[in-house]
Amino acid sequence: GDSVTQMEGPVTLSEEAFLTINCTYTATGYPSLFWYVQYPGEGLQLLLKATKADDKGSNKGFEATYRKETTSFHLEKGSVQVSDSAVYFCALLAISNFGNEKLTFGTGTRLTIIP
Amino acid sequence: DVKVTQSSRYLVKRTGEKVFLECVQDMDHENMFWYRQDPGLGLRLIYFSYDVKMKEKGDIPEGYSVSREKKERFSLILESASTNQTSMYLCASSFGTGGLDTQYFGPGTRLTVL
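Because the structure is a prediction, the values reported are computed rather than measured. (Residues numbered from 1 in each chain as written. Chains lettered and ligands numbered in written order. Predicted model: local features only at pLDDT ≥ 70, side-chain atom pairs only at ≥ 80, totals over all residues. Heavy atoms only, no water.)

For the rest of this paragraph, the subject is the interface of chain B and chain A. Opposite the 27 residues of chain B that make contact, chain A presents 22 residues. Carbon and sulfur atoms make up 54% of the area that chain B and chain A hide from each other, which totals about 1900 Å². The interface formed by chain B and chain A holds 0 salt bridges in total. At the junction of chain B and chain A, the tally comes to 3 residue pairs in polar contact (both at pLDDT 80 or more). Considering only residue class, the side of chain B that touches chain A consists of 11 nonpolar, 12 polar and 4 charged. (Contact = heavy atoms within 4.5 Å. Buried area = accessible area lost by both parts, 1.4 Å probe. Salt bridge = Lys/Arg side-chain N within 4 Å of Asp/Glu carboxyl O. Polar contact = N/O pair within 3.5 Å; in protein donor to acceptor, adjacent residues only side chain to side chain. Nonpolar A, V, L, I, M, F, W, Y, C, P; charged D, E, K, R; others polar.)

This is the structure in structure tokens:
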């Protein structure tokens, strides 16, 4: 079945550091790929997405490129801020056998940015 | 903006109690989902519904049931709560099918079963 493997946390960085959170996936067909973010005490919010190979999703300074050849969708940001502290989830969305969408999530990576 | 609301942020119940978790969305979305979130396991799909009165099992449906009598409301039911159902429960909704649509999440209900 479909699966998502993402970098285990927790990750702690200093403000203005470069961030990479790795994500690889296994799926049949051509899934859409997502990064969701969960700030403390809140539900998940969509951060960015890519729907086909070589697409780059970007939002709030974060970027991720859909790499079909390496089945990866790594999240990057050039200069992190304290406000980026959150849990980040990589996810893939594919069509189930019933023809309905199904999101499969990674286990999440907790990111803490220190001033 | 899409709004997904859940009836409680925190809930404490006793083993054997029947528990109802309610979710309401205000964007006329066809699809609604219930997940549970546990440390080290990420989010796991319990049930989903793609239309009123329709439901499909997700990856971990055991011990749960759902109800969708109106398009905007999707209820998760724990018939007889057990301690291993202590978790964060997240509801989500999305429009249509096709694999391209974002799921919008509620703030979550943290359920503790004693």
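For the rest of this paragraph, the subject is the sheet that holds strand β8 (residues 73–78) of chain B. Residues and elements named next belong to chain B. Taken in spatial order, the 4 strands make up an open sheet running β1-β3-β8-β7, and their pairing is antiparallel. Either end of the sheet is taken by a strand with one partner, and the two such strands are β1 (4–6) and β7 (65–70). Along the sheet, successive strands turn relative to each other by an average axial angle of 20°, direction set aside. (Pairing = 2+ DSSP bridges. Helix = DSSP H or I, 4+ residues; strand = E, 2+ residues; numbered from the N terminus. Axes fitted to C-alpha atoms, helices over the stretch in contact; angles between N-to-C directions.)

A few words now on the layout of surface pockets. Put simply, the largest pocket is a space of about 630 Å³. Forming the walls of the largest pocket are 27 residues, and the residues nearest its centre are Gln38, Val87 and Arg110 of chain A together with Gln37 and Pro39 of chain B. Taken together, the elements giving at least two residues each to the lining of the largest pocket come down to β10 (86–95) and β12 (109–114) of chain A together with β4 (31–38) and β9 (87–94) of chain B. Of all the elements, β10 of chain A adds the most residues to the lining of the largest pocket, at 3 residues. Across the lining of the largest pocket, the residue classes break down as 10 nonpolar, 11 polar and 6 charged. (1 Å grid on protein atoms, 1.4 Å probe; cavity = no way out; pocket = protein on both sides within 12 Å on 5 of 7 lines; lining within 4 Å. Points joined across faces, edges and corners; volume = space filled by probe spheres on them.)

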